[in-house]
Amino acid sequence: MKTPFYTTRPLTPHFGIEALSINLADTRKIDLTDKNSKFLTQLKSDLIRHRTILFRNQTLSGQRQVDISNALGGRVQSTFYKHPRSPHPDVFRVSNDDREGCTSVGRSGWHLDGTFQNRPFMYQTMYFPSVAEGGDTYFVPLKELYESFGEEERMDLDRMWMATGRRESPVHPLVYRHPFRSGGLGGKEDEDDEGEVTMLFHCGRPFVSGWYCDDTNTITGDNDNENNNNARIANGVNVSRMIHPSVIQDRITTQIESKLDEIGIRMKWEQGDFMISDNLGLAHYASEGTQGDAESVGLRILHRTTIVGGAETVPVKFDGRKSFSL
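Described in the following lines is the structure provided in the data block. (Residues numbered from 1 in each chain as written. Predicted model: local features only at pLDDT ≥ 70, side-chain atom pairs only at ≥ 80, totals over all residues. Heavy atoms only, no water.)

Once that is clear, we can look at the overall build of the protein. The helix and strand inventory of the protein stands at seven helices and 18 strands. Relative to the compact-globule value of 20 Å for 326 residues, the protein shows a C-alpha radius of gyration of 20 Å, a close match. With respect to the principal axes defined by its C-alpha atoms, the protein has extents near 70 × 45 × 35 Å. A burial count over the protein gives 56% of its 326 residues as buried. Once local pairs closer than 6 in sequence are excluded, the contacts in the protein between residues at least 24 apart make up 78%. By element, 45% of the accessible surface of the protein is carried by carbon and sulfur atoms, the whole surface being about 14,700 Å². Distance from the positive charge centre (38 side chains) to the negative charge centre (45 side chains) of the protein: 5 Å. (Helix = DSSP H or I, 4+ residues; strand = E, 2+ residues; numbered from the N terminus. Rg over C-alpha atoms; globule rule 2.2 N^0.38 Å. Buried < 20%, exposed > 50% of the residue type's maximum accessible area, 1.4 Å probe, protein only. Contact = heavy atoms within 4.5 Å. Areas by Shrake-Rupley, 256 points an atom, 1.4 Å probe, with all protein chains shown as cover. Lys, Arg positive; Asp, Glu negative; His and termini not counted. Charge placed at Lys NZ, Arg CZ, Asp CG, Glu CD.)

In structure tokens form, the structure reads like this:
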């Protein structure tokens, strides 16, 4: 497909496009100062519709990557260690060599970025000045992941809330409404469209304190359960009983691993790749090969930015309940 700014082709059958024949470093053709420009309108529309856009053969300075990130509608928020080799204070530099960047990043489990915040990151960008053999990143689309569970499993997951216990310590719904994508093909133009289902989780052990479950009596209006009299209820959630993190994390991980090759992608990076991703619509995981010995597989360098959105990105379930703090 050809747009006024780039030609596209599908990245996977379920999500993502490659954008071809464009040089994002060309400030004469790609003006980022006008937030309502036709280019940014096209870019943001494609990002909502496809959830990720991959630009090949780019050469981006740290400042240019930050400028692109800030033009997406939110603002870059840096919550990470500033490696001395980073090209910009707001760029997280990741590598398989600790002299070049932070190591072992993204290896703890499948996740979204920023789950420790009340507003998880809206978008992330990833730029690869250098790649290593086998240094793949895996991605899975969250709507399709949710739909891959059986009906009873989905009903169970719908009741779960993730307690992070980190930084802002939010309690997030595991299943909620995507803030931008419709129940159709993205772009919530229809006011009656409640939005597309998505998920929010971190399967890394250190990032989750545990899971809470909806209080059935509160949701149904039934107050006759004697066993529930001493339960502490917040936001319709029974916060008196915490489920061990691994119970839900292992269930999600097992499902992803069984469905990855059907609905996801094992992204094999090329030097100069620049990807913008919908962090609220995709989960990701850094493969074991991302930490391969640099002398054997090559030096891997990733420059990453994370973009936080506005109040609309606070997770909201279809029944109107939001993330909350205790």
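Note that R64 resides in helix 2 (residues 62–70). For the buried R64, no salt bridge exists, and the shortest N-O distance to an oppositely charged side chain is 5.0 Å, to D67. A distance of 2.9 Å separates the side chain of R64 from the backbone oxygen of I30, its partner in a polar contact. When sequence neighbours within four positions are dropped, the list of residues in contact with R64 reads L24, A25, D26, T27, I30 and L32. (Salt bridge = Lys/Arg side-chain N within 4 Å of Asp/Glu carboxyl O. Polar contact = N/O pair within 3.5 Å; in protein donor to acceptor, adjacent residues only side chain to side chain.)

Below, the discussion takes up helix 6 (residues 245–263). With 19 residues, helix 6 extends 25 Å between its outermost C-alpha atoms, agreeing within 8% with the 27 Å of an ideal straight helix rising 1.5 Å per residue. At E257, helix 6 shows its strongest bend, of approximately 35°. The complete set of buried residues in helix 6 reads P245, S246, I248, Q249, I252, T253, Q255, I256, L260 and I263. Considering only its buried residues, helix 6 is in contact with strand 7 (137–141), helix 3 (142–148), strand 8 (160–163), strand 12 (210–214), strand 14 (237–243) and strand 15 (265–267). (Expected span 1.5 Å × (residues − 1). Bend = angle between axes of the 7 residues up to and from the residue.)

Below, the discussion takes up the layout of surface pockets. As a volume, the largest pocket reaches approximately 590 Å³. Surrounding the largest pocket, 32 residues form its lining, F92, V105, G106, D113 and R304 being those nearest its centre. Mapped onto the lining of the largest pocket, the elements with two or more residues apiece are strand 5 (92–95), strand 6 (123–130), strand 17 (282–286) and strand 18 (301–308). Split by residue class, the lining of the largest pocket holds 13 nonpolar, 13 polar and six charged. (1 Å grid on protein atoms, 1.4 Å probe; cavity = no way out; pocket = protein on both sides within 12 Å on 5 of 7 lines; lining within 4 Å. Points joined across faces, edges and corners; volume = space filled by probe spheres on them. Nonpolar A, V, L, I, M, F, W, Y, C, P; charged D, E, K, R; others polar.)

Spatial ordering of the open sheet is given by 9-8-12-14-13, a layout of five strands whose pairing is antiparallel. Because the sheet does not close on itself, it has two edges, and the strands there are strand 9 (171–173) and strand 13 (233–234). Summarising the sheet, strand 13 and strand 14 pair through two bridges and their orientation is antiparallel. Within the sheet, the bridge partner assigned to A234 lies in strand 14 and is V237. Along the sheet face, helix 6 touches strand 8, strand 12 and strand 14 and points at about 85° away from the line of strand 12. (Pairing = 2+ DSSP bridges. Axes fitted to C-alpha atoms, helices over the stretch in contact; angles between N-to-C directions.)

Turning our eyes to something else, we now look at the environment of E18. Positionally, E18 belongs in strand 2 (residues 17–20). Overall, the relative accessible area of 9% leaves E18 in the buried class. Separated by 188 residues in sequence, E18 and P206 place their C-alpha atoms 34 Å apart. The residues contacting E18, other than those within four sequence positions of it, are T7, T8, R9, L11, L54 and R56.

The next thing to look at is the environment of G320. Inspection of the secondary structure puts G320 in the segment after strand 18. The class for G320 is partly exposed, based on a relative accessible area of 42%. Remark: the alpha-carbon pair of G320 and P10, spanning 310 residues in sequence, is separated by 34 Å.

Right, let's talk about the sheet that holds strand 17 for a bit. Overall, antiparallel pairing links the three strands, which are arranged 15-7-17 in an open sheet. Edge positions in the open sheet fall to strand 15 and strand 17, since each of these has one partner strand only. Strand-to-strand, the axes of this sheet are offset by a mean angle of 25°, without reference to chain direction. In the sheet, strand 7 pairs with strand 15 via three bridges, with the strands oriented antiparallel. Note that in strand 15 the partner of T137 across the bridge is M267. Helix 6 rests against strand 7 and strand 15 of the sheet, and its axis sits at about 85° to strand 7.

Our focus in this paragraph is the nonpolar core. Membership of the largest hydrophobic core comes to 31 residues, with the highest contact counts inside it found for W110, L145, L174, M199, F201 and W211. Of all the secondary structure elements, the ones that give two or more residues to this core are strand 7, helix 3, strand 8, strand 10 (175–177), strand 11 (197–199), strand 12, helix 6 and strand 17. With five residues, helix 6 is the largest single contributor of residues to this core. Discounting chain neighbours no more than four positions away, the residues touching L145 are M199, F201, Q255, I256 and I263. Counting 27 residues, the second largest nonpolar core, distinct from the first, contains L43, L60, V91 and I307. (Core = buried A, V, L, I, M, F, W, Y, C linked by side-chain atoms within 4.5 Å.)

Note that every value here comes from positions in space, so none of it alone points to a role or purpose.
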